[in-house]
Structure formats: C-alpha cells, structure tokens
Amino acid sequence: MVLENPVQPFLDWFLGGLSNWGAGPLFVVTLLVLALGSILVGLLVSIILYGPIKGGERVYTVVRNGLAEMFYWSPRRVSAIARLAVQEAFRKRVLVAIVVFSILLLFAGWFLQSENDPAKIYFSFVLTATAYMGVFIGLLLSVFSLPDDFKSKTIYTIVTKPVRAGDIILGRILGFAFVGTVLLLIMGVISYIFVKGSLNHSHQLDLAVMQDVTDADGEVVATIPQFTTFDNDHRHEIQVADDGGLIAAFAQGHEHQVLQDGDKLTVSPPLSTMRARVPKYGTIMFRDPNGNPVAKGVSVGKEWKYRSFIQGGSQSAAIWTFDDIDESLLVANSRDETKFLPLELIVRVFRTYKADIETPIQGSIQLRNPETDLKSRIEFFSARDDYIDSQYFPRKLTDSDNNPIDLLDDLVSKDGQLEVVVQCVDRAQYFGFAMADCFIRRPDASPLVNFAKAMVSIWVQMVIVISIAVAASALLTGPIALMLTSSLVLLGYYKEFFVSVARTTAEGGGPIESLVRLVTHMNLTSPFPNEKDRFEIQAMKIIDKDVIGTCMQGIANILPDFSQFNGSSYVASGFDIPWPLVGQQLLTCLAFVIGATLIGYFFLRNREVAR
C-alpha cells in the first residue's frame, strides 16, 4: 500500500512542538482567522449597503452581541432547529438516494470482474461511490436550506422567537448531519453485504487431471486432483501444505482449504478474502551498486518519486531497520507450535528487457544484526509485481555459514533492532521499494471494524461539506453558495497541487506564469528567453509568489484536505486504518463544525433579517 506520509501518534500530531505548529494550536489560530475573516466580509457588505459609519456600527453591534451569545447557546433550541432540518430533508425525499445506490450496486457486479484481487476492486468501488454520494447529498441538502427560508420568508418566523443566530446555524448542521448519518449507515450495510456476497463462491475438485504426491524418497503416497473446477472466472492449483494437508493455492487474492471426510474431498469457502493487516513499519535506506550506503536508490526515469530502485546482479540493496523486536511479534505454527517472524514484502518490478514477461524476477532476502553484522542464510524468492509476498523466518535458523543461530538472541541487537536486507538477483532488472513496502505483520484486526472506520472517514467528509455549505448559505444565495462550496470541496481534493501552485513549485510556475505559457503555447519546463534580464518576467514571478501565492496559501490553510479522509485505499489494500488517523479526522471535523458555526453566525447576523 502507498503510504506517502506515515500516520503520527495522536498526541504528537495534536501538540506538535514549539517550533513546529501542532494541530491543536493550529486549530485555535485557524478558528480565529475564520472568525476575523467572517467579520471582515460582513463589514465589507455592510459598508456597501449602509455606508461606512452605519455599516461599521452594525458590525460592532453584531460582534459585541455575538461574544456575549457564545456563552448562552441552548441545547434545546439547537435540537429543535435540528429536528426541523431533519423534517425538511425527508420532505425532499432524500431516501431516494438509497434506491439509486442499490440499483447502482445491482448492476456493478457485471463490470467489476478482476483477474488479480477482486476484493480490492469491490471495496474501492463501494467506498468511492458512497463517499461521492454522501458528499453530493450533504451538499444539496444544506446549501439551499437557508436561502429557501429567506425566499419563502419562513426565516422571519424563526428569528422572532427566542432563537439566536448561532442556534440556527448549529442546528442546521447537526440536523443535516443526522440525516446524512442515517443514509451512510444504510449504504454501509448494503455495501458490506454486497462485497461479502460477491466474494463468496465455491469450487469443486476437477477429477479430469490428477497428479501424484511423493514422499522424501520419491515414493508415490497419494494421487490427488491437480486443479479445482473453473468457477467465478478462475481456478486454483491443488498443493500439499506444510502440515501435510491439501490447499487450493493462492489465486485472485485468496485460497481455499481442501477438507477430507473419509475418502471424500471437498473445497472450503474462500479464506482471507477480507483482511485488515496491522503492520509494524521500520525505516529504509539503500546501498548503491557498489555497496555504499545512500539515502535513495537508483532512478529508472519514473516521474513518481515515491519508490527508489535497486539494481539487479549488483551489491545494490534495500535495507529496513525495525525497532522494538521481541517475542511478542512472533507467531506460532498451528501444527507444531514453531515460532516464526511474519514479514510481508511488496515489490515493484522494473524490467529493462521484457523477454518472457510471465517469468518472475528472482530476489533474495536475509536478516542482519545491525551491531554485529551477523546475517541469516540468504533466502531466495520469486518477485511478482505489486503483490504482497509473505516471508516467515523461524526463530531457529542458520547464519550465512550454516551455523545454527537464534533470531531473537543473535540477530536482534541489544537495543531491539533488526535489519532486513533485500536484493535483486537477476542482472539488468530492478526492484522498487518505499518505506511501507516491507513490514512485520501483527495479528489482523477485524475487517468489519476496519470497514466501519472507512465509513467514519466518509462521514467526516460529509459533515465538513455540510458545515461549509450551511455557513456559505447564511450570506449567499443558493446557486452562489453551491458554486463556492463546490469549489472549496474540489480544491480540498487537490489541495497538494493547489499548494504547489501557490509556492510556484508546480510545473509551469504560478498562476500568471501558467497562463502566459498557455497563451504562448510554451511548454511547462522551458525557461523564458533572457529570463533573468527581463523586468516583466521577474515582476510576473514576484507577483505569482509573493502576492497571489501568499493569498492562495492563506486559503490553503483553511481548506479541508479531503485526500487525508480517504480510508478506501486502506480497506481495499487489506490494511487496518490506524486509530490515531481516525482521531485526527474526527478532531478536524469538530474544528470545521465550530469554525463554520462562528462564520455562519456572523454572516447571518449581518444579513438583513427581522431583528
């Protein structure tokens, strides 16, 4: 799984450091900036409508009363407004979305067949569809609510009651969030049943092709089928497991057991189609083809720099260092209680010549003590591109000279560190690795709970969109609020690119420079002729970076980063979503709800309502 930014522990993320702003202090500053921004917008609108003196007086009155009202909000009034929002949503027949979603899943199975890992395709589809539908429903419900009340004059009935503006905004947010929560719960249950039912299938043994099973002396001890029947677009090869039983070997992301009842052999339902791996990550470094330590591997010309590559047939290697290695990380074999260290490895293969593309590239892996440089015996494996390969190292093994050693006593250093060294054996071929491509596998978490955590991520996105839409609709008309909220959501999905444009680090430069290159049909990387000696070019770059870029970075600081709320990649890849990440998402959601309530309050108080 791609993990560009490792998940920080919750307290480290929240508190940060004195030199590095943590999320907690940053949220406080962000809320203050949002509140001041809403006051400035209200002041500008009031000056345009009433002139500088009367407009300034109105804004002063709103701010003075608002600071006092912050301490007198009423849960009873907020819940009453929330109930009205719920009733309004159901009057708009919002449950039709469930019917549309169900029809979408009914036909989705026709187009979601995969030869590799169908679970990844199914989970990606249902979670992505749920996320988009949740955001779309939340946006349409909330963005037209207050403008419709102004248009129908019902808002005047509400404000004549002892209801404060903050109660109206927060009540709307909570009411629409409740409706969205109900819809997401229904869609989540339907999605989970759909995926589980789609992955469940059965095979029979194909008796047309048989194979002999021999013992260590080459004597035939049994004759078994070679394959299962071809069902659900695939079949499995029958193999003898380590414990002497039969298994239907790994294919399409799963395997089956072959059960024996007397002389009758049957194939079990699929195993491990839904996983929630809990990885223990280490740090990574590389060795160049001459064996010298380097921070990065070889570049093979790929634009995406997430992975570095090691050259085959040389001393080039990728080396992971794991901390806190002890017996709690070992797992026991169910047959003889032998202890193993479970390692999993993801390899991206880059071929310099194709030859037989079906032939796997050979690699080697061994364990090493970082203090004594003692190494285990080299184990060879066949690398399949972008596939999770499991490696199990027993506690009792041999070193590179075939002397018996103990994994924990001899290969783990005194401070609990262990190194994993991986090399590419085939000459002129390359292996690509990143930090998250090798990990120690802890006991799996619950796939159902993991799916629920992904739904929480989707819920956070929906609530943030509802909060922004309600705050925007307190000042703007429905269509304008829809355009503004949609623009902020779109920028939130591409926040990283937006920031790179603001900092002029994106290809093509800043906004003005990109426009000039577009109009003049100039490519993104070529410098302008005599760039350093032309005043207009230097002025353009200064305006891009120091004027427009500063404004864009200010907007980026309050943009929700929707790419960080996507749990579908974890679930689809079979990895557990870390609880610290869930905590970060929920706290971010709370900050946006509070900030949107403050902004909406000042917007609504500055708007022409009966007071």
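Keep in mind that this is a model prediction, so the values were computed, not measured.

A. Local environment of the packing of helix H9 (residues 165-199) against helix H11 (residues 447-473). Where H9 contacts H11, the two axes come as close as 9 Å, and the packing angle between them is 150°. Judged on the interaxial angle alone, H11 and H9 are roughly antiparallel. Both H9 and H11 take part in a crossing whose hand is right-handed. Within the contact between the two elements, H9 uses Ile-169, Arg-172, Ile-173, Phe-176, Ala-177, Gly-180, Thr-181, Leu-184, Gly-188, Ser-191 and Tyr-192 and H11 uses Leu-448, Phe-451, Met-455, Ile-458, Trp-459, Met-462, Val-463, Ile-466, Ser-467 and Val-470. Looking at side-chain class alone, the contact of H9 with H11 contains 15 nonpolar, five polar and one charged residues.

B. Geometry of a nonpolar patch on the surface. There is a patch of nonpolar side chains on the surface, built from Val-99, Ile-103, Leu-106, Phe-107, Trp-110 and Phe-111 and spanning about 730 Å² of accessible area. Assignment of secondary structure puts Phe-111 in the loop between helix H5 (96-108) and helix H6 (118-143).

C. Seen up close, the environment of Leu-146. Secondary-structure assignment places Leu-146 in helix H7 (residues 145-152). On a C-alpha basis, the gap between Leu-146 and Arg-172 in space is 8.8 Å, while along the polypeptide they are 26 residues apart. If near-sequence neighbours (up to four positions away) are discounted, Leu-146 is found in contact with Ile-155, Ile-168, Ile-169, Arg-172, Val-470, Ser-473 and Ala-474.

D. A look at unusual backbone geometry. Located in the positive-phi region is Asp-324, a residue other than glycine, with phi close to 55°. Within the secondary structure, Asp-324 sits in the loop between strand S11 (317-322) and strand S12 (331-332). Its identity is not glycine, yet His-521 carries a phi of approximately 55°, on the positive side. A residue is classified by how much of its surface remains accessible, and His-521, at 74% relative accessible area, is exposed.

E. Focus on the sheet that holds strand S5 (residues 254-261). Taken in spatial order, the four strands make up an open sheet running S3-S4-S5-S6, and their pairing is antiparallel. Two strands bound the open sheet, and with one partner strand each, they are strand S3 (238-240) and strand S6 (264-267). Adjacent strand axes in the sheet meet at a mean angle of 30° when their direction is disregarded. Bridge count between S3 and strand S4 (residues 246-251): three bridges; the pairing is antiparallel. Across the sheet, the residue bridging to Val-240 is Leu-246, located in S4.

F. View of the pattern of salt bridges. Per the stated rule, a full pass over the model turns up 20 salt bridges. Residues Lys-396 and Asp-406 are paired through a salt bridge, measuring 2.9 Å at the closest nitrogen-oxygen approach. Note that Lys-396 is positioned in strand S17 (residues 396-398) and Asp-406 in strand S18 (residues 404-406), a separation of 10 residues in sequence. For Lys-396, a relative accessible area of 63% gives the class exposed. For Asp-406, a relative accessible area of 5% gives the class buried. Among the salt bridges present, the one from Lys-541 reaches Glu-513, with a minimum N-O distance of 3.1 Å. A residue pair is termed long-range when its members are at least 10 positions apart, and Lys-541 in helix H15 (residues 535-558) and Glu-513 in helix H14 (residues 511-519) qualify at 28 residues.

G. Structural context of the side chain of Arg-277. By the secondary structure assignment, Arg-277 is in the loop between S6 and strand S7 (278-281). A distance of 3.1 Å separates a polar side-chain atom of Arg-277 from the backbone oxygen of Ser-573.

H. Main features of the packing of aromatic side chains. Scanning the model with the defined rule gives 15 aromatic pairs in all. Considering the side-chain rings of Tyr-122 and Phe-194, the 5.7 Å spacing of their centres and the 80° angle between planes classify their relative orientation as edge-to-face. Residue Tyr-122 is located in helix H6, and its partner Phe-194 is located in helix H9; the two are separated by 72 residues in the primary sequence. In this pair, the class of Tyr-122 matches that of Phe-194, namely buried. For the pair Phe-123 and Phe-451, a centre-to-centre distance of 6.0 Å together with 50° between the ring planes defines the contact as tilted. With a gap of 328 residues between them, Phe-123 in helix H6 and Phe-451 in helix H11 connect regions that are remote in the sequence.

About the thresholds
Residues numbered from 1 in each chain as written. Predicted model: local features only at pLDDT ≥ 70, side-chain atom pairs only at ≥ 80, totals over all residues. Heavy atoms only, no water. Axes fitted to C-alpha atoms, helices over the stretch in contact; angles between N-to-C directions. Helix = DSSP H or I, 4+ residues; strand = E, 2+ residues; numbered from the N terminus. Parallel < 35°, antiparallel > 145°, perpendicular 65-115°, else oblique. Left-handed = near helix turned anticlockwise from the far one by under 90°. Contact = heavy atoms within 4.5 Å. Nonpolar A, V, L, I, M, F, W, Y, C, P; charged D, E, K, R; others polar. Patch = residues over 30% accessible without salt bridge, like charges linked within 9 Å, V, L, I, M, F, W, Y side chains within 5 Å. Areas by Shrake-Rupley, 256 points an atom, 1.4 Å probe, with all protein chains shown as cover. Salt bridge = Lys/Arg side-chain N within 4 Å of Asp/Glu carboxyl O. Buried < 20%, exposed > 50% of the residue type's maximum accessible area, 1.4 Å probe, protein only. Pairing = 2+ DSSP bridges. Polar contact = N/O pair within 3.5 Å; in protein donor to acceptor, adjacent residues only side chain to side chain. Phe/Tyr/Trp six-rings, centres within 6.5 Å; stacked < 30°, edge-to-face > 60°.

Coordinates in, geometry out; function isn't part of it.
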